[in-house]
Amino acid sequence: SIIFKKYNRKHIKTDSKDVLDIKNKILQKEISAHNSYYFLYKNILSIAIIYEKLDFYIPTFMDFRGRIYCYGFYLSYQGSDIARALIDFSEGHILEKNDIDSCLHFLANTAGFNKLTINERIKWSIDFFKKLNVFNYLDLIKNENVLKILNESDECGQFLSVLISLIDYYKKPKSYVWKTPICF
């Protein structure tokens, strides 16, 4: 799977007899690391399915430095890319001109262009969107530019989430209610 970066199933040698060989520590570490991601993503998706149609709160706490952290590990806006991509706010916001610039900026960040200046990121996103010429979600996975970014990006889940929200926004820019978190 493109989004799960090969972690959508257990390691192929999980049940192999080679794993039982005490001398094969490298293979054991590889399998353990791979399966850790598999079970993490499985837990995130299971929780997301349970909460799919529910409004819920993510409890937070502040440490002694004033930083805010989420109590929940799996499904939070501070979690993995998959977890952040699956969260939408229950109440959104109708975007103004400056607001959409932040969304375009974040799209470029999630596509891997976070070293560009802010204006260059916004320009990249606008150019990308003009070339995209897709207003159907299923056509996204057929688009070679989208596939290239999904294969190369470390934040492909958030990229896809923001891209889908931008497609919806451009269909109805005056009335679209933005619910996708922008996590800088």
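This text gives an overview of the structure that appears in the document.

## Considering the nonpolar core
If you look at the biggest cluster of nonpolar residues, it comprises 29 residues, and the most contacted ones within it are F159, L163 and L166. Within the residue set of this core, elements represented by two or more residues are α3 (97-110), α4 (118-132), α6 (144-152) and α7 (156-171). Among the elements that take part in this core, α7 stands out by supplying eight residues, more than any other. In this structure, F4, Y41, A48 and A83 belong to the second largest nonpolar core, which totals 10 residues.

## Focus: α6
Residues of α6 that are buried include every one of V146, I149 and L150, and no others. Around the axis of α6, the buried residues are gathered within 100° of arc, so they sit on the same side. Residues of α6 that are exposed and point more than 90 degrees away from the buried face comprise E144, N151 and E152. Taking the backbone nitrogen of N145 as reference, a side-chain oxygen 2.8 Å away marks N143 as the first, capping residue of α6.

## Things to note about the packing of α4 against α6
In helix packing, the relevant descriptors are the interaxial angle and the interaxial distance, both defined with respect to the helix axes. Packing of α4 against α6 brings their axes to within 9 Å, and their N-to-C directions diverge by 135°. With respect to α6, the element α4 is oriented oblique. Two secondary-structure elements touch here, α4 through W124, F128, K131 and L132 and α6 through N145, V146 and I149. Across the contact of α4 with α6, the residue classes tally to five nonpolar, one polar and one charged.

## Let's talk about α3
If you check α3, its first and last C-alpha atoms are 21 Å apart, about what 14 residues at 1.5 Å a residue would give, namely 20 Å. When you tally the buried positions in α3, you get 10 out of 14 residues, the bulk of the element. Every buried residue of α3 is listed here: I100, D101, C103, L104, H105, F106, L107, A108, N109 and T110. Along its buried surface, α3 packs onto α4, α7 and β4 (177-178). In the segment just after α3, G112 is the residue with positive phi, at about 100°.

## Comments concerning the packing of aromatic side chains
Applying the stated criterion across every chain, the model contains 14 aromatic pairs. Relative to F159, the ring of F128 has its centre 5.9 Å away and its plane inclined at 65°; by these criteria the two rings are edge-to-face. Of this pair, F128 sits in helix α4 while F159 sits in helix α7, placing them 31 residues apart in sequence. Across this residue pair, the class does not change: F128 and F159 are buried. The ring of Y137 has K171 lying over it, and the distance from NZ or CZ to the ring centre is 5.6 Å.

## Comments concerning the pattern of salt bridges
Under the criterion given, the structure shown has three salt bridges. The salt bridge partner of D127 is K123, with a shortest N-O separation of 2.8 Å. Taken together, the residues span about one helical turn, with D127 and K123 both in helix α4 at a distance of four residues. Assessed through its relative accessible area of 29%, D127 is described here as partly exposed.

Calculation notes
Residues numbered from 1 in each chain as written. Predicted model: local features only at pLDDT ≥ 70, side-chain atom pairs only at ≥ 80, totals over all residues. Heavy atoms only, no water. Core = buried A, V, L, I, M, F, W, Y, C linked by side-chain atoms within 4.5 Å. Buried < 20%, exposed > 50% of the residue type's maximum accessible area, 1.4 Å probe, protein only. Helix = DSSP H or I, 4+ residues; strand = E, 2+ residues; numbered from the N terminus. Arc of directions from axis to C-beta. Polar contact = N/O pair within 3.5 Å; in protein donor to acceptor, adjacent residues only side chain to side chain. Axes fitted to C-alpha atoms, helices over the stretch in contact; angles between N-to-C directions. Parallel < 35°, antiparallel > 145°, perpendicular 65-115°, else oblique. Contact = heavy atoms within 4.5 Å. Nonpolar A, V, L, I, M, F, W, Y, C, P; charged D, E, K, R; others polar. Expected span 1.5 Å × (residues − 1). Phe/Tyr/Trp six-rings, centres within 6.5 Å; stacked < 30°, edge-to-face > 60°. Lys NZ or Arg CZ within 6 Å of the ring centre and 35° of its normal. Salt bridge = Lys/Arg side-chain N within 4 Å of Asp/Glu carboxyl O.

The analysis is restricted to geometry; functional conclusions fall outside its scope.
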